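Notes for the structure review
Below are the chains, spelled out letter by letter.
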Amino acid sequence: MQIGMIGLGKMGGNMSRRLMKAGHHCLVYARTAKTREALAKDGATAAVSIADLVQKLGEKPRLVWVMLPAGTITEDVIGQLAKLLQAGDIVLDGGNTFWKDDIRRAKMLQGRNIHHVDVGTSGGVWGLERGYCLMIGGAKEIVDRLDPIFKALAPGLGNVSRTPKRDGRDPRAEHGYIHAGPNGAGHFVKMVHNGIEYGLMQAFAEGFDILQNAGSKNLPEEARFDLDLADIAEVWRRGSVISSWLLDLPASALAADPKLAGFEGVVEDSGEGRWTIMAAIEEAVPADVLSAALYTRFRSRRDHTFAEKILSAMRKGFGDHVEPKTESKSESKSESTAARKAMPS
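Summary of the structure given here.

Comments concerning the pattern of salt bridges
- Inspection of the entire model under this criterion finds 20 salt bridges.
- Of the charged contacts in the structure, one is a salt bridge between aspartate 144 and arginine 172, with a shortest N-O distance of 3.5 Å. In this pair, aspartate 144 sits in helix α7 (residues 140-145) while arginine 172 sits in the loop between α8 (147-153) and β8 (177-181), placing the two residues 28 residues apart along the sequence.
- What makes aspartate 144 partly exposed here is its relative accessible area of 32%.
- By relative accessible area, which is 18% here, arginine 172 ends up buried.
- Members of the salt-bridge network, linked through shared partners, are Glu75, Asp93, Asp101, Arg104 and Arg105.

Section: the sheet that holds β8
- A sheet is described by the order of its strands in space; here eight strands give the open sequence β3-β2-β1-β4-β5-β6-β7-β8, paired in mixed fashion. In this open sheet, the two strands that pair with only one neighbour each are β3 (45-46) and β8.
- Pairing of strand β5 (residues 90-93) with strand β6 (residues 115-122), which is carried by four bridges, proceeds in the parallel orientation. Its bridge partner lying in β6, leucine 92 is registered against valine 117.
- Contacting β1 (2-6), β2 (25-29), β4 (63-66) and β6, helix α1 (residues 12-21) crosses the sheet at an angle of about 165° to β1.

Topic: the nonpolar core
- Core analysis: the largest hydrophobic core is formed by 31 residues, its most contacted members being Trp65, Leu92, Val117 and Phe150.
- Of all hydrophobic cores here, the second largest spans 25 residues; its members include Phe208, Leu211, Ala230 and Ala251.

Conventions and cut-offs
- Residues numbered from 1 in each chain as written.
- Predicted model: local features only at pLDDT ≥ 70, side-chain atom pairs only at ≥ 80, totals over all residues.
- Heavy atoms only, no water.
- Salt bridge = Lys/Arg side-chain N within 4 Å of Asp/Glu carboxyl O.
- Helix = DSSP H or I, 4+ residues; strand = E, 2+ residues; numbered from the N terminus.
- Buried < 20%, exposed > 50% of the residue type's maximum accessible area, 1.4 Å probe, protein only.
- Pairing = 2+ DSSP bridges.
- Contact = heavy atoms within 4.5 Å.
- Axes fitted to C-alpha atoms, helices over the stretch in contact; angles between N-to-C directions.
- Core = buried A, V, L, I, M, F, W, Y, C linked by side-chain atoms within 4.5 Å.

Shape descriptors only; they carry no functional weight alone.
In structure tokens, the structure reads:
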């Protein structure tokens with residue numbers, strides 16, 4: 001299939017490469033020529049503008065995947081596409097968009113007979129190799145039509161053991177992608193996925209902080225332990241009940257830098273954790289762990305512990321997120337610009 005990709009950052013570029021590897025033809029656009037040219041060398045057709053990308057798409061209906069940060073930039077690009085595309089064309093939003101924005105934009109595009117599909121996309125900077133877990137929202141006939149695209153991006157069965165008693169259920173879930181429901185459902189599921197991610201990361205961070213401080217001089221001498229955190233992280237990866245990809249990340253970081261001296265412990269958030277808590281409030285669902293994990297990120301911008309260094313190392317590992325640098329550790333860190341812009345009005 002032929003597809004246009006707008007946004008070639010940490011994920012959009014590698015998603016294009018994975019699609020091309022599966023035999024799909026990608027037309028790509030990014031604001032910087034250097035980024036576009038890099039994908040062109042890998043076999044993509046580069047466009048110099050969004051209008052140029054739409055014009056170059058020859059297959060009907062035209063498919064355009066928007067892979068940009070949530071908020072104003074995605075809003076503007078989808079607004080441009082609404083004016084450039086024709087009835088029957090399809091816009092896919094794979095960024096971390098607020099799910100209520102999906103519903104609103106789908107209605108706007110529907111007024112022009114253009115289809116909207118929201119795709120919660122997990123996989124980070126490792127997706128090219130591992131594949132991307134996809135949570136999809138949109139009309140069934142449109143999602144079904146796009147199956148070759150989703151199948152190419154998803155990880156497939158891989159070496160993950162199969163869950164018993166799944167006979168008769170949607171086989172796509174085992175391959176790493178699902179049709180979660182109508183417009184907004186894909187990003188809603190991804191939002192909660194990221195909220196859970198906050199809680200899991202916080203649990204690991206606090207655990208390693210306890211291990212790090214086991215040698216504190218405030219403890220009785222016989223109760224002090226000088227523990228090797230890198231080795232503990234590694235042994236937990238091997239057969240323990242808490243082994244996971246998220247544990248792989250601090251294990252790698254601690255092996256390279258046992259004190260995590262390269263991290264300050266300033267932990268940003270990109271919005272999904274906040275939206276998850278908002279959903280919990282609307283549904284009157286207690287979310288103690290997820291709320292505490294989000295508030296800990298807020299606190300990290302004022303006062304940092306070793307736990308926050310673990311969190312920063314994990315975010316660097318899965319998404320190549322770089323810590324913002326503060327002028328001094330005592331100064332209050334302002335809210336994440338990306339998260340603030342992405343918050344719904």
